[in-house]
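Given next are the chains, with one letter for each unit.
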Amino acid sequence: GHRGWVYYLATDPASRDQGLGRQMMQAAEAWLRQRGVPKVELIVRDTNTRVIGFYQRLGYVAEPRALLAKRLDGVPVPMGGQMSDEDVVVTYLEMHERPKRPRARAPMMHSPMQMMRAHKPTIGFYRYLYNEVGEPWLWYERRVMDDAKLRTILDDELIEIYVLYFGGVPAGYAELNRRTPPDIELNYFGLVPDFIGRGLGGYFLDAVTDIAWDHEPARLWLHTCTLDHPRALPNYQKAGFVPYGQKTRLIPDPRKLGYLPPDAGPVKL
């Protein structure tokens, strides 16, 4: 009678981002409250940052507890923290013509928001952008890439990197890949977490999309996944991208990749 547990909560992928999860949790909490249960608890893998964020927005907080487990089928449980890989759903989106909207309006000269292309940025500056923007969403490919290989990418004139500044501070970046004509891929796009929710993303995405179409590609495409921000997929669709495929991909635990120690404890990415 002291604790009520939520074992599973799920919505169909096609029906997400409509507030259904919040409504179901409100119903579950009301059900427990009516029965005099004062506390509700649940378990989320520490690598599943998207779901953790969902519950935090509903008022749930992490409690310092030791979670103990024992397998009865002979499969060993890793020591030193759960080192689990993450199954994510990757969605591929594309557009085949320039969006039928006015071109994204450039900020005024004295506006706090400015966008500039970074020509052959330093390794340190690029890693700062990549890590700041991608850390909450488990971006790891460029983290584990050595400097020499990354330098080759950044020096390629067919790789275009655009940085959004707000008040002189880097607020986000985008990377266009023109190395596989006639298509262009939006390799990376995102905002620094401190600047999310300020209305900057819509302008930035439209502006980068316009730049890509100035090269007259046959197709502009990108991919996102279920570890990304909950609004990423609908925002790409709002900008004119259309989903054309999905697949499940296994994202390795960052401690296995070597940029977090095996005994790092709960992973914050």
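All residue numbers refer to position in the chain's written sequence, counted from 1. Thresholds applied to this predicted model are a pLDDT of at least 70 for local features of residues and 80 or more for the giving and counting of side-chain atom pairs; totals over whole chains, interfaces and linings are not thresholded and use all residues. To get the side-chain values, take all heavy atoms of the structure and skip hydrogens and water.

Another point: the packing of aromatic side chains. Two rings belonging to Phe, Tyr or Trp (six-membered ring only in the last case) form a pair when the distance between their centres is within 6.5 Å. Interplanar angles under 30 degrees mark stacking, angles over 60 mark edge-to-face geometry, and anything in between is tilted. In the structure shown here, the tally under the stated rule is 14 aromatic pairs. Taken together, a centroid distance of 6.5 Å and an interplanar angle of 35 degrees make the contact between Tyr 92 and Trp 221 tilted. Residue Tyr 92 is located in strand S3 (residues 86–95), and its partner Trp 221 is located in strand S8 (residues 219–225); the two are separated by 129 residues in the primary sequence. Of the aromatic side chains, those joined through ring pairs into one cluster are Tyr 126, Tyr 130, Trp 139, Tyr 173 and Tyr 188. Helix numbers and strand numbers start at the N terminus; a helix is a DSSP run of H or I with at least 4 residues, a strand a run of E with at least 2.

Position of Thr 91 relative to the elements: it lies in strand S3. Buried means the residue's accessible area, taken with a 1.4 Å probe over protein chains only, is under 20% of the maximum for its type, while exposed means over 50%, and partly exposed covers the values in between. The exposure class assigned to Thr 91 is buried, which follows from its relative accessible area of 6%. Of the polar contacts made by the side chain of Thr 91, one reaches the side chain of Gln 246; its length is 2.9 Å. In this analysis, two residues are considered to be in contact whenever any of their non-hydrogen atoms come within 4.5 Å of each other. Leave out the neighbours within four places in its chain, and Thr 91 touches Leu 222, His 223, Thr 224, Leu 233, Pro 243, Gly 245 and Gln 246. Polar contacts, as counted here, are pairs of nitrogen or oxygen atoms within 3.5 Å of one another; within protein the pair requires one atom able to donate a hydrogen and one able to accept it, and residues that are adjacent in sequence qualify only if both atoms are side-chain atoms.

What follows covers the environment of Thr 224. As for its placement among the helices and strands, Thr 224 is situated in strand S8. As a C-alpha pair, Thr 224 and Gln 246 span 22 residues in sequence and 9.7 Å in three-dimensional space. Here the side chain of Thr 224 touches Asp 228 through a polar contact of 2.8 Å, side chain to side chain.

Turning our attention to the packing of helix H1 (residues 20–34) against helix H2 (residues 49–57). Axis definition: a line fit to C-alpha positions, over the contact stretch in the case of helices; interaxial angles, taken between N-to-C directions, run 0 to 180 degrees. Following both chains from N to C, one finds H1 and H2 inclined at 55 degrees, their axes separated by 11 Å at the closest point. It follows that H1 is oblique to H2 by the angle criterion. Relative to H2, H1 is oriented so that their crossing is right-handed. Across the interface between the two elements, Gly 21, Arg 22 and Met 25 from H1 touch Phe 54, Tyr 55 and Arg 57 from H2. Classes in brief: Ala, Val, Leu, Ile, Met, Phe, Trp, Tyr, Cys and Pro nonpolar; Asp, Glu, Lys and Arg charged; the others, Gly included, polar. Split into classes, the residues belonging to the contact of H1 with H2 amount to three nonpolar, one polar and two charged. Oblique is the label for any angle not covered by the other classes, which are roughly parallel (under 35 degrees), roughly antiparallel (over 145) and roughly perpendicular (65 to 115). Handedness of a crossing is defined here by the sense of rotation of the near helix relative to the far one, left-handed for an anticlockwise turn of less than a right angle and right-handed for a clockwise turn.

Relative to each other, helix H3 (residues 123–134) and helix H4 (residues 147–154) sit at 90 degrees, their axes nearing to 11 Å. Comparing the axis directions of H3 and H4 gives the class roughly perpendicular. Contact residues: H3 offers Ile 123, Tyr 126 and Arg 127, while H4 offers Asp 147, Leu 150, Arg 151 and Leu 154. Here the residues of the contact of H3 with H4 are counted per class, giving four nonpolar, no polar and three charged.

What follows is about helix H5 (residues 200–214). With 15 residues, H5 should cover 21 Å at 1.5 Å per step; its first-to-last C-alpha distance of 22 Å lies within 8% of that length. For H5, the tally of buried residues reaches 11 of 15 residues, placing the bulk of the element in the interior. Taken as a whole, H5 has its buried residues at Leu 200, Tyr 203, Phe 204, Leu 205, Ala 207, Val 208, Thr 209, Asp 210, Ile 211, Ala 212 and Trp 213. Glu 216 lies just past H5 and shows a positive phi near 55 degrees. What a helix is expected to span follows from its residue count: subtract one and scale by 1.5 Å.

Attention shifts here to the pattern of salt bridges. Just to be clear on terms, a salt bridge is a Lys or Arg side-chain nitrogen sitting within 4 Å of an Asp or Glu carboxyl oxygen. Taken as a whole and assessed by the stated rule, the structure comprises 17 salt bridges. In this structure, the salt-bridge partner of Glu 41 is Lys 39, at a minimum N-O distance of 3.1 Å. Put simply, Arg 219 and Asp 183 hold a salt bridge, and the shortest N to O gap is 3.2 Å. Here Asp 183 lies in strand S7 (residues 183–191) and Arg 219 lies in strand S8, a separation of 36 residues in the sequence. By relative accessible area, Arg 219 is classed as buried at 15%. Looking at Asp 183, the relative accessible area reads 19%, which means it is buried. Ionic contacts of the salt-bridge type, sharing partners, join the residues Arg 98, Arg 101, Arg 103, Asp 206, Asp 210 and Asp 214 into one network.

Right, let's get into the pairing of strand S6 (residues 169–177). Counted residue by residue, S6 has eight buried out of nine residues, so it is predominantly covered. A pair of strands is labelled paired if DSSP reports no fewer than 2 bridges between them. The sheet contact formed by strand S5 (residues 159–166) and S6 spans eight bridges and is antiparallel. Along S6, the bridge assignment pairs Phe 166 with Val 169. Relative to S7, S6 is paired through six bridges, and the arrangement is antiparallel. Bridge pairing in S7 links Tyr 173 to Gly 190. The turn joining S6 and S7, which pair antiparallel and follow one another in sequence, is formed by five residues.

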